[in-house]
Structures are given as structure tokens and as C-alpha cells.
Amino acid sequence: MRLLTHNMLSSNIKGVEKGFPLRIEAEKVVEKPVEMNADFLRKMFEKVEWKAFVEASRSMGYAQLPEEVDSGMLESDEFLSRFHHALLELHLEEGALVCPETGRRFPVNKGIPNMLLHEDEV
Amino acid sequence: MKLKQLEGLLGGLDQFPNPKVELEQYPTGPHIASRMLFTAENSFEDISNKVVADFGCGCGTLGVAAALLTLIRHVLSIDIDPESLEIASLNAEELEVDMDFIQSNVMDLRWRGSTSLEVKYGILHLLNGDIWGQVYTIFLVHTLGQIVDTVIMNPPFGTRKKGADLDFLNVALKVASQAVYSLHKSSTREHVKRTALRDFNACNAEVLCELRYDLPKLYKFHKKKEVDIAVDLWRFVPGKHQS
């Protein structure tokens, strides 16, 4: 699971008010290089919640992203390549996503998070 | 990539070895899948440069098709069944496409920004009863982008769990910001159109074409060796999202 996906997901437990972002417990992170596309990155930049993204990438062992951003940074190759790397090349293979409000762990195995709720959580 | 080439590649995918009837697990054949994605991309540009979600992905055919058509996209495939996801994952690996998978009930999944109003660079304080607070709120709802652009799906027809086809459509129209591609039995055409426009806030509902869905005898209760069902390939456009 990549960080772009993590950035889209919120805890879905009944009654939880602020389920985003899910905290990451990383047990195994794998890097898989993919070709970079600047236009795509600029589009994704508009969608990404930056603070959660930086925090998540730190949990995955990558600390090269700036804390604060503005769209002017999209002109910089250096920034784009770091953004690309963190967004699309880091995979959480084993670990968990944790609900920030309840602490409930959603396990991640072989890169796939299990977000299925128990009966009492729906 | 040409249509025939896409269809050929999809024909090599592994499918359900032991399909679960209660989940209405039927493979989406390469003929339908290739046409669906080819049209979405070449007629409507709904795949390139987009975040694409496959709802109820099964063994992954639709998501894989999207991922093959263009390298410039993010594909996210969701299913409730871990065994299908295992196969889907292997299919993606086999064809060397990068895509993400989530195990979840599509109805229960919660997406960031769907219930709360979160501003990218700050926190919004809702000012109850204050007219300017309310105006600001409305402005934000419209400027916040929905994260998922396009939803592609071959939902259950609703033969096991009544109304499942429309439940899927309902949630797809809430999640997608640009378009929903879906397959529904041709016999339900008028009902689907009416429900999408009137109840699910779709601003457009169009049958792109009618296809034949070859269902081989998968389950013991199937009497015929093979059956041909007329299905409509739909493109829906969600209405403006409101909170």
C-alpha cells in the first residue's frame, strides 16, 4: 500500500469523529521504483493532505519532505522527485493502520490493509 | 495500447477457483473489461492522470485493465474477500502493473473528507448560526476536491442480496468526483436510470453500449451449461457533492 492510498483513508469505525489520518505502524517497508510523471504529480499535489503525508512518510522511514509546501515548489525537480518517491515508491508491506481516536489496529499484510469492521463497529 | 492487445492480456488473468455464491462472484471477462476501460479512457479521458477505484474488484480484472491502459494513474482496488484479493494481487504482479488493494466492505469504507471538512492548510471552525460562517462553509465544500476521480465496477447483480447492485451504485456516486462506470442487467435499465438520477443525485446516466455477459456454469444450481445475459455498460456522472 502506497502513501497516496493511505492519504485517502479514514477510520470507518462507528462514532469516530476524526478518523484521519490513520497512524502507521510499519514493520516492513519495501521500495519499488516507478517512472515519474510531473503532470500527474502536480495533479496529485492538489489532492494530498500534506501534514498527514509528511507524518506518514516519516513512519515509513523517509524524512526528506518539507513540513510546509506551496505550489511554487512544484517547479523544483528536487522537490518533485522527493514527492514522487514518498507518494508512489514506498510500500507498506507489513504492519498496521491505527485509528487515531480508538487505537483500533487495522492490520496490513502483503501490502493489503484489512479495513473490515467487526459487528459492533459498524 | 490497442483494444485487442488489452483484451489478450486480460484473457491470461487467473480467476476465482472456488467462487462464493453469496458474494455473487463472477469473473469479468476480457471482452467486457477491455471495452469498458478502453471507452473510459479514449472517449472520456477518465483514466489517465486520475485516481481510479475498482469497487468489488474480485480477481482484479477491471483495475488491472485500467493499470495496463496508461501508466499515469493511481488504481485502487477494493474487495471484501481476502482470497480474491490474493489472486488479484498475483494477477497484478504477473502483468507487472503497480496498483493498491484494500480489503473492505465498499459500503463501510470511509474516505478522507467525506464526513468532515478539512482544509488543506488549516482547520475550519464552523460558526454555527453565523451567516458568514455558513457561506464560507459552502464555499469550502465546493472547492475541496473529491479524492477519487473515477469508479469502475462490475457490481453484484442483486440476485443474492436484493438491491446490492444499486447499493454499490449509490456509494460509487458519493465517492467519485468525475465518473462511474458500471455494469447492470439490461432488464433493469429504466429502474437504474431513474434511481441514479432521482435518488442518487447523478446529473447524467448514459448507457454506452449493451454487451453479452457469458456466464459459464460456475455453480451447481446453474442448470444450463452456459448462459448469456444482456448487460448495459453505464457511465454515470455524479452531481455536485454536498455535505
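Chain B has the name Methyltransferase-like protein 5 in an unreviewed UniProt entry, where Arachis hypogaea is given as its organism. Heading Sequence similarities (unreviewed entry) of the UniProt record for chain B holds this comment: "Belongs to the methyltransferase superfamily. PrmA family."

The name that an unreviewed UniProt entry assigns to chain A is Multifunctional methyltransferase subunit TRM112-like protein, with the source organism given as Arachis hypogaea. UniProt, in the comment section headed Subunit (unreviewed entry), describes chain A in these words: "Interacts with TRM9." The UniProt entry for chain A carries this comment under Sequence similarities (unreviewed entry): "Belongs to the TRM112 family."

**Q** Even after reading the chapter, I still don't get the sheet that holds strand S2 (residues 23-31) of chain A, so can you show me in this structure?
**A** Picture the strands of a sheet paired through backbone hydrogen bonds; they go either parallel or antiparallel. Residue and element names in this part refer to chain A. One open sheet accounts for 4 strands, arranged S2-S3-S4-S5; its pairing is antiparallel. Both outer strands of the open sheet, S2 and strand S5 (112-113), are each paired with one neighbouring strand and no more. Relative to S5, strand S4 (residues 105-109) runs antiparallel, the two being bridged by 2 bridges. Note that in S5 the partner of asparagine 109 across the bridge is isoleucine 112. Where helix H4 (residues 77-89) meets the sheet, its contacts fall on S2 and strand S3 (90-98), and the angle it forms with S3 comes to roughly 60 degrees.

**Q** Please clarify how the state of the cysteines should be interpreted in this entry.
**A** In the structure shown here, the tally under the stated rule is 0 disulfides over all chains. We note that B:Cys59 lacks a disulfide partner, and the nearest cysteine sulfur, in B:Cys57, lies 8.1 Å from it.

**Q** For this particular structure, what's the right way to read the confidence of the model for chain B?
**A** It should be kept in mind that the predicted coordinates are not to be read in detail where pLDDT is low. Residues and elements named next belong to chain B. Per-residue confidence for chain B gives a mean pLDDT of 86; residues scoring 70 or more make up 81%. Confidence over residues 115-144 falls short of pLDDT 50; this stretch has 30 contacts with residues more than four positions distant or in other chains. Listed scores for the predicted complex are pTM 0.89 and ipTM 0.96.

**Q** Could you clarify how one ought to interpret the nonpolar core in this entry?
**A** Soluble globular proteins tend to bury their nonpolar side chains together. Membership of the largest hydrophobic core comes to 66 residues, with the highest contact counts inside it found for A:Trp50, A:Leu97, B:Phe55 and B:Leu169. The greatest single-element share of this core, amounting to 7 residues, is contributed by helix H6 (residues 164-175) of chain B. Ranked by size, the runner-up nonpolar core spans 37 residues in total, among them B:Leu13, B:Val52, B:Ala67 and B:Leu183.

**Q** What am I meant to see in the packing of aromatic side chains here?
**A** Aromatic rings in a pair are described by how distant their centres are and how their planes are angled relative to each other. Residue and element names in this part refer to chain A. In the structure shown here, the tally under the stated rule is 12 aromatic pairs over all chains. Both rings, one in tryptophan 50 and one in phenylalanine 79, keep their centres 5.7 Å apart while their planes meet at 35 degrees; by these two values the pair is tilted. Of this pair, tryptophan 50 sits in helix H3 (residues 50-59) while phenylalanine 79 sits in helix H4, and the two are 29 residues apart along the sequence. Looking at tryptophan 50, the relative accessible area reads 3%, which means it is buried. Taking 5.7 Å as the distance between ring centres and 85 degrees as the angle between the ring planes, the aromatic pair formed by phenylalanine 53 and phenylalanine 83 counts as edge-to-face. Within this pair, whereas phenylalanine 53 is found in helix H3, its partner phenylalanine 83 is found in helix H4, the two being separated by 30 residues in sequence. Owing to a relative accessible area of 0%, phenylalanine 83 belongs among the buried residues under this scheme. By the ring-pair criterion, three or more aromatic residues cluster together here, those being Phe45, Trp50, Phe53, Phe79 and Phe83.

Rules and cut-offs
Residues numbered from 1 in each chain as written. Chains lettered and ligands numbered in written order. Predicted model: local features only at pLDDT ≥ 70, side-chain atom pairs only at ≥ 80, totals over all residues. Heavy atoms only, no water. UniProt positions renumbered as here; feature names shortened; annotations may be inferred. Pairing = 2+ DSSP bridges. Helix = DSSP H or I, 4+ residues; strand = E, 2+ residues; numbered from the N terminus. Contact = heavy atoms within 4.5 Å. Axes fitted to C-alpha atoms, helices over the stretch in contact; angles between N-to-C directions. Disulfide = S-S within 2.5 Å. pLDDT = per-residue confidence, 0-100. Core = buried A, V, L, I, M, F, W, Y, C linked by side-chain atoms within 4.5 Å. Buried < 20%, exposed > 50% of the residue type's maximum accessible area, 1.4 Å probe, protein only. Phe/Tyr/Trp six-rings, centres within 6.5 Å; stacked < 30°, edge-to-face > 60°.

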